[in-house]
Amino acid sequence: MTGTDYAAVTDYAADTVPILPSRMNRAAIAIVRVGAGLLWLQNVGWKIPPDFGRGDPPSGLYLSASYAVSHEVFHPYAWLVERVVLPNFTIFGWLVLLVEASLGAFLLIGLATRFWAVMGMAQTIVMLSVLNAPHEWYWSYVLMLLVHLALFATAAGRYAGLDGLLRPEWQHSGSWWARCLVRAS
Amino acid sequence: MAALRVVVGALPGAGVMTARDALDRAVLMLGVVSVVSAVFVLVHGNFQLVQIRAAGLVVALVLGLLTVVAGWLDEPTLMLAAGAGFLLAAAVQLALLAGGSSGLLGGNASTFSLWLGLGVGLIAVGMVPRPEVGEETSVELTEPHAHEAP
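Cut-offs used in this document
- Residues numbered from 1 in each chain as written.
- Chains lettered and ligands numbered in written order.
- Predicted model: local features only at pLDDT ≥ 70, side-chain atom pairs only at ≥ 80, totals over all residues.
- Helix = DSSP H or I, 4+ residues; strand = E, 2+ residues; numbered from the N terminus.
- Expected span 1.5 Å × (residues − 1).
- Contact = placed C-beta atoms within 7 Å.
- Axes fitted to C-alpha atoms, helices over the stretch in contact; angles between N-to-C directions.
- Parallel < 35°, antiparallel > 145°, perpendicular 65-115°, else oblique.
- Left-handed = near helix turned anticlockwise from the far one by under 90°.
- Buried ≥ 20, exposed ≤ 12 C-beta atoms within 10 Å, placed from the backbone.
- Arc of directions from axis to C-beta.
- pLDDT = per-residue confidence, 0-100.

Asker: Explain helix α5 (residues 89–109) of chain A to me, please; I cannot follow it from the model alone.
Answerer: Residues separated by three or four positions in an α-helix point in the same direction, a consequence of the helix having 3.6 residues per turn. Taking 1.5 Å per residue as the helical rise, α5 of chain A with its 21 residues ought to reach 30 Å, and the 30 Å between its terminal C-alpha atoms agrees with that figure. Following α5 of chain A by one or two positions, Gly110 of chain A has its phi on the positive side, about 70 degrees.

Asker: What should I look at first to understand the environment of Trp116 of chain A in this one?
Answerer: All names here are of chain A. Counting through the fold element by element, Trp116 comes out in helix α6 (residues 113–127). Here the alpha-carbon distance between Trp116 and Trp137, two residues 21 residues apart in the chain, equals 24 Å. Beyond its immediate stretch of four places on either side in the chain, Trp116 contacts Leu103, Phe106 and Leu107.

Asker: So what exactly am I meant to see when it comes to the packing of helix α3 (residues 60–70) of chain A against helix α4 (residues 75–85) of chain A here?
Answerer: Working note: a packed helix pair is described by the angle between its axes plus the distance between those axes. Residues and elements named next belong to chain A. Packing of α3 against α4 brings their axes to within 7 Å, and their N-to-C directions diverge by 130 degrees. Relative to α4, α3 is oriented oblique. Considering the relative orientation of α3 and α4, their crossing is left-handed. Residues Ala65, Ala68 and Val69 of α3 lie in contact with α4, whose contacting residues are Tyr77, Ala78, Val81, Glu82 and Val85.

Asker: When you look at helix α7 (residues 138–153) of chain A in this model, what are you seeing that I'm missing?
Answerer: All names here are of chain A. Here α7 contains 16 residues, and its C-alpha end-to-end distance of 23 Å stays within 8% of the 22 Å for a straight helix at 1.5 Å per residue. The set of residues buried in α7 consists of Met144, Val147, His148 and Leu151. Summarising the axial view, the buried residues of α7 lie within an arc of 95 degrees, below the 170-degree limit, and thus occupy one face. Turned more than 90 degrees away from the buried face of α7 sit Tyr138, Trp139, Val142, Leu146 and Ala153, all of them exposed.

Asker: Mind showing me how you'd approach the confidence of the model for chain A here?
Answerer: Interpretation of this model should avoid reading the predicted coordinates in detail wherever pLDDT is low. Residues and elements named next belong to chain A. Per-residue confidence for chain A gives a mean pLDDT of 91; residues scoring 70 or more make up 90%. α5 holds the highest mean pLDDT among the elements of chain A, 98, whereas helix α1 (residues 3–16) holds the lowest, 48. Confidence over residues 1–9 falls short of pLDDT 50; this stretch has 1 contact with residues more than four positions distant or in other chains.

Asker: Explain the confidence of the model for chain B here, please?
Answerer: Residues and elements named next belong to chain B. Model confidence for chain B is summarised by a mean pLDDT of 83, while 76% of its residues fall at 70 or above. No element of chain B has a lower mean pLDDT than strand β2 (residues 141–142), which averages 44, and none a higher one than helix α4 (residues 109–126), which averages 98. The low-confidence segment residues 1–15 (pLDDT under 50) makes 47 contacts with residues lying over four places distant or belonging to another chain. Contacts of residues 137–150 to residues separated by more than four positions or lying in other chains number 33 contacts, the stretch itself having pLDDT below 50. Scored by ipTM, the complex comes to 0.89, with pTM at 0.85.

Asker: Please explain unusual backbone geometry as it appears in this structure.
Answerer: With the exception of glycine, the majority of residues adopt a negative phi angle, and the majority of peptide bonds are in the trans configuration. All names here are of chain A. Between Pro49 and the following residue, Pro50, the backbone shows a cis peptide bond with an omega angle of 10 degrees. Considering the arrangement of structural elements, one finds Pro50 in the loop between α2 (23–43) and α3. Cis rather than trans, the peptide bond between Asp56 and Pro57 has omega equal to 0 degrees. Backbone geometry places Ala112, a non-glycine residue, at a positive phi of 55 degrees. As for its position among the elements, Ala112 is in the loop between α5 and α6. A positive phi angle is found at Ala160, which is not glycine, with a value near 60 degrees. By the secondary structure assignment, Ala160 is in the loop between α7 and α8 (162–172). Here Ala160 falls in the buried class, since 25 other C-beta atoms lie within 10 Å of it.

Rendered as structure tokens:
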């Protein structure tokens, strides 16, 4: 095979070979997506409104967030948590609850999966602020980050997820909303 | 709707499948998830993925079975009704949590998350225009990667 032929074949292959060519691979990435969704779903359970653990003594999400100050990882972030987040903790708590609940919900059913994979990475990066807190294991955060990266890279909702079912419909729709969903899936 | 081609590559046993079949199977699966979530009434500790208690058990079973029936009968109206039911239950659970208790539904934020997903999923699938029965036979859903090496 000449170099030119090889280039032609690989170009063709890049266009036609799917990201996950075997059924086993597709099942595996579906399991990863559902598993990640279930982890978020379980993890949101200990975010308890309306005060999210703000009290004397502090507990729950408030205590966890305060570790970003008492066990500082990155000074500017610790400053932000101390001056902005903790004084306005109700808003922050609700934001965390809604984002994590949505992560669980949307990753579980595989809808707008790439968007939520990016959100999962962002939320994991936020959680890195408590890396120095007692009993934290930094590998868990790195693993979370990598899992969401894999979900994004493989467009995991297209396999046994609603993205796979609904994406062709969105692609044929001219609406702005459908175009957004095509990108998000 | 002839253009409706549904990718069902990961669904086991799905060689050729109609659009309606694929949508109905997805709805059926969402219903099964809800019914299975009732198991967590009995599970506590690390493996309790979602908190299902009290009236929340009724929501999980009744709406779950309604969803299964909707998928079984290929009935979009029932799908939308079940989806709206889950979203309503999720909203009520969230409002109860905001009030400082699990309330009558007995759930927590994980319960809200599960019902949110089921509700959004059912509404999304229920709103897809269905091919007419006569047209359906011409709508072929191919497994896009079947020709690829495993």
